[in-house]
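What the coordinates show
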Protein chains: 2
Amino acid sequence: MGTEDPTAFSESHPMNGGDGVLSYARNSWAQRGAVDSAKQMIQQAIADLLDIEKLKLESSHKFQLADLGCATGTNTFFAVQNIIEAVDAKCKLYSSKHWNNSQSLGLEYQIFFNDHVGNDFNTLFRSFPVLWQYFAAAVPGSFYGRLFPKRSIHFMHSSNALNWISRVPKEVVDINSPAWNEGSIYCSGTANKVLDAYSTQFKNDIETFLDARAQELVGGGLMMLILAGLPDDVLLCQTLIGKSYDILGSCLVDMANKGMFSKERLDSFNLPQYYPHLDEMKEVIPNNKYFSLERIETTFGPSPRDITSNIEMWASLLRSGLEGIIGDQFGNEIPGKLFECYSKKHAENRFSFDEVKDLIAFNIVLKRKYS
Amino acid sequence: MGTEDPTAFSESHPMNGGDGVLSYARNSWAQRGAVDSAKQMIQQAIADLLDIEKLKLESSHKFQLADLGCATGTNTFFAVQNIIEAVDAKCKLYSSKHWNNSQSLGLEYQIFFNDHVGNDFNTLFRSFPVLWQYFAAAVPGSFYGRLFPKRSIHFMHSSNALNWISRVPKEVVDINSPAWNEGSIYCSGTANKVLDAYSTQFKNDIETFLDARAQELVGGGLMMLILAGLPDDVLLCQTLIGKSYDILGSCLVDMANKGMFSKERLDSFNLPQYYPHLDEMKEVIPNNKYFSLERIETTFGPSPRDITSNIEMWASLLRSGLEGIIGDQFGNEIPGKLFECYSKKHAENRFSFDEVKDLIAFNIVLKRKYS
């Protein structure tokens, strides 16, 4: 809603649009792993937790589903299809129990695809599956604010989006602050004050996110959240992502030294991303008056060694997600040169990627309490 | 819905995207006149016909509104604002009667902006009013098919969109048919068989449109349709639009003669637009088991003489609406040259525009029966 102007409380860094070689649509195969690994959990959660009677699905004939942070596809279509199939299966089971037949309930699905206003929704629409079995709608705006009317959604899904926090904590890019993140473009985990600032922002964001969703979900509605995180003894700088961001940061330093942009511009840049540890997740996703925590599981994503066997492909994946934010900060001519430098340096430092630690994925299922 | 693939039953010719000098967003001022003239009718219809109790607005707190054929703005925002203000006013009146205060009912508005999959929704989203007081969603697809779940919309609005029929009748571009529209690119009204073919297509389309809307509107929901039409004794070729299309057609003949595309390609081209007479409208918008016809009024739009005082501006307006369909048929290099030719020929034939007849606008209000 405009009264809660997304730009006022949340930075917008859309994934690369279009469907070219540098598009997010063609470079989101790593994120796909997270969607696949969550498939079974979604199916089980719907089988166990979806209460067809209390949701009055038999009389309303409508099932409304939202994917938050959908980008431009195609992962969002797989996720949506998973959920629809699981709801269909549950409905058939319900019919066979109550009506002694295995008909579906004739539910009509309405799917809301959400992402920032700047997301390339045109590409999303044009890449819809040929036979999509639902009514589709795109909802522009930050999910760190309200997106839907009260009690209007039965199922919320968000995959790999909540790692993007709503903004970079101000203090980490303030050279006068003790939390200044000197010499780094991300929350590597090595500087405690930086980590605290990011962690606080993440927690506040999740709280804001859950407050909004609590209003939008119907009582008994379900929410599946998938986000990447860190095993307890791992810092982000020890992972593939962290090592890649270190190289990117080093390339940016080189470019600043060559005078392609000012050192101040570099100092004022950090990535608004956070990868929480399990204990943080447990703290931030509470049982409260709105939600019951039904499941929280951790899984491993695709092995980084598989991902980085092709540096160009990995660089394209990074670029598809970061080009927008880097272009906004340094100018649109920078990302091309930056990722050239990245590929070169990554190849030179290939050995350092032999020892990277794996990220984990949190798969979380929440149920909106009836109230 | 994909199962009713829009391309299977409806051609898609989106208005020009973006916000450049040739964009629809900057060239839709003539259509704006229709929106303004309907403003008062919308307000009155909502005041008289919206039944807050039967719609259960007090308990649901939601009001769902769709604009069908929204293009890229900004007219759609004005129309939506009109409707919201009228519903708000009605709610306040209701409160003051029932609760002796003039509070609003705290309704949350959800607005669905619909147009073809190929519409430039990115531009639409980026041109949202700064303070938009509603939850916005874009719905891609042809309105000659289902767009929303059953009984999910309280108010439907469509302005200047239903003149685009779902397809050109096949026979008018078939040189072996008696209804072949020889030497013309549109339904000028002079050839009876052509007129019949277009009129039949229009009536079928409106029927399809109404069938879909009957399912999607809640009982008691309202629909406001605005479309351009012809006074009883006027043919389209006597209007500004018709004379402009004659010039466009003549330019296309010139270009075919120069070998810029084949004569066959020209022969297979007609515009999928229809401008009905009042008696046709009355026939096609019936009182039936789904809808009651509450209002049908005709108004005049802005005077053509005002519009064509600036030929370049008028040519830009035409181009913003037709560039897509002409590019699809003849190639993307054609529209630029075509509208150059257009401006020149229009200037040479300026005198013939002194005698154009006015179009009228139909403003129609339908109410979905309770069932």
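These lines cover the structure that appears in this document, whether it is placed above or below.

Calculation criteria
Residue indices follow the written sequence of each chain, beginning from 1 at its first position. A letter from A marks each chain and a number from 1 marks each ligand, given out in the order of writing. Local features in this predicted model are restricted to residues whose pLDDT is 70 or higher, and side-chain atom pairs enter the listing and the counts only when it is 80 or higher, whereas totals over whole chains, interfaces and linings include all residues. As a rule here, side-chain values come from all non-hydrogen atoms in the structure, and water together with hydrogens is ignored. We call a pair of cysteine sulfur atoms a disulfide when they lie within 2.5 Å. A helix here means a DSSP run of H or I that spans at least four residues, while a strand means a run of E at least two residues long, and both kinds are numbered starting from the N terminus. Each residue is assigned to one of three classes by its accessible area relative to the maximum for its type, calculated with a 1.4 Å probe on protein chains only: buried under 20%, partly exposed between the two thresholds, exposed over 50%. Least squares is used to superpose the copies, and the fit set is the C-alpha atoms of residues whose pLDDT is at least 70 in both copies. We call two residues contacting when some pair of their heavy atoms lies within 4.5 Å. Summed over both partners, buried area is the accessible surface (1.4 Å probe) that two parts give up on being assembled. By convention in these notes, a salt bridge is any Lys or Arg side-chain nitrogen within 4 Å of a carboxyl oxygen on Asp or Glu. A 3.5 Å cut-off defines polar contacts: any pair of N or O atoms within that distance qualifies, except that in protein one atom must be a possible hydrogen donor and the other a possible acceptor, and neighbouring residues in sequence count only when both atoms are side-chain atoms. Here the nonpolar core consists of buried residues drawn from Ala, Val, Leu, Ile, Met, Phe, Trp, Tyr and Cys, with membership extended through side-chain atoms lying within 4.5 Å. An expected span of 1.5 Å times one less than the residue number is assigned to each helix. We define the bend at each residue as the angle formed by axes fitted to the 7 residues ending at it and the 7 residues starting at it.

**Remarks on the state of the cysteines**
What the rule picks out here adds up to two disulfides over all chains. Paired through a disulfide, cysteine 251 of chain B and cysteine 341 of chain B show a sulfur-sulfur distance of 2.2 Å. Residues cysteine 251 of chain B and cysteine 341 of chain B share a disulfide whose torsion about the S-S bond is about -90 degrees; that sign makes it left-handed. Of this pair, cysteine 251 of chain B sits in helix H7 (residues 240-257) while cysteine 341 of chain B sits in helix H12 (residues 334-348), and the two are 90 residues apart along the sequence. As far as burial versus exposure is concerned, cysteine 251 of chain B and cysteine 341 of chain B are alike and both buried. Cysteine cysteine 70 of chain A remains unbridged, with the sulfur of cysteine 70 of chain B as its closest cysteine sulfur at 18 Å. In this structure cysteine 237 of chain B is a free cysteine whose sulfur lies 9.6 Å from that of cysteine 187 of chain B, the closest cysteine sulfur available. When its relative accessible area of 17% is taken as the criterion, cysteine 237 of chain B is described as buried.

**Here we look at the relation of the copies chain B and chain A**
Overlaying chain B on chain A yields an RMSD of 0.0 Å, the required transformation being a rotation through 180 degrees with an accompanying axial translation of 0.0 Å. The superposition of one copy onto the other is thereby described by a two-fold rotation axis. Residue alanine 138 of chain B, judged by its C-alpha, is the member of chain B lying nearest the rotation axis, at 2.4 Å.

**A look at the interface of chain B and chain A**
Taken together, the contact between chain B and chain A spans 37 residues of the former and 37 residues of the latter. In total, about 3300 Å² of surface goes out of reach between chain B and chain A, with carbon and sulfur atoms giving 59% of it. Linking chain B with chain A are four salt bridges, by the criterion used here. Between lysine 150 of chain A and glutamate 108 of chain B there is a salt bridge, with the nearest N and O atoms lying 4.0 Å from each other. The interface formed by chain B and chain A contains 16 residue pairs in polar contact (both at pLDDT 80 or more). Of all elements in the fold, only helix H3 (57-60), strand E2 (108-115), helix H5 (121-126) and strand E3 (135-140) of chain B reach the threshold of two or more residues within the side of chain B that touches chain A. At six residues, the largest contribution of residues to the side of chain B that touches chain A is made by E3 of chain B.

**Description of the nonpolar core**
Side chains of nonpolar character tend, in soluble globular proteins, to be buried together. Ranked by internal contacts, the top residues of the largest apolar core, which has 80 residues, are Phe113 and Tyr134 of chain A together with Phe113 and Tyr134 of chain B. In terms of nonpolar packing, the next biggest core, distinct from the first, is built from 76 residues, Leu162, Val168 and Leu225 of chain A together with Tyr144 of chain B among them.

**Some thoughts on helix H11 (residues 311-330) of chain A**
All names here are of chain A. For H11, which comprises 20 residues, the first-to-last C-alpha distance of 24 Å sits more than 12% below the rise-based estimate of 28 Å (1.5 Å per residue). The sharpest bend along H11 measures roughly 55 degrees and falls at leucine 322. Put simply, asparagine 310 is the residue that caps the front of H11, since its side-chain oxygen is 3.1 Å from the backbone nitrogen of glutamate 312. Where H11 terminates, the next one or two residues include glycine 331, which has phi positive at roughly 110 degrees.

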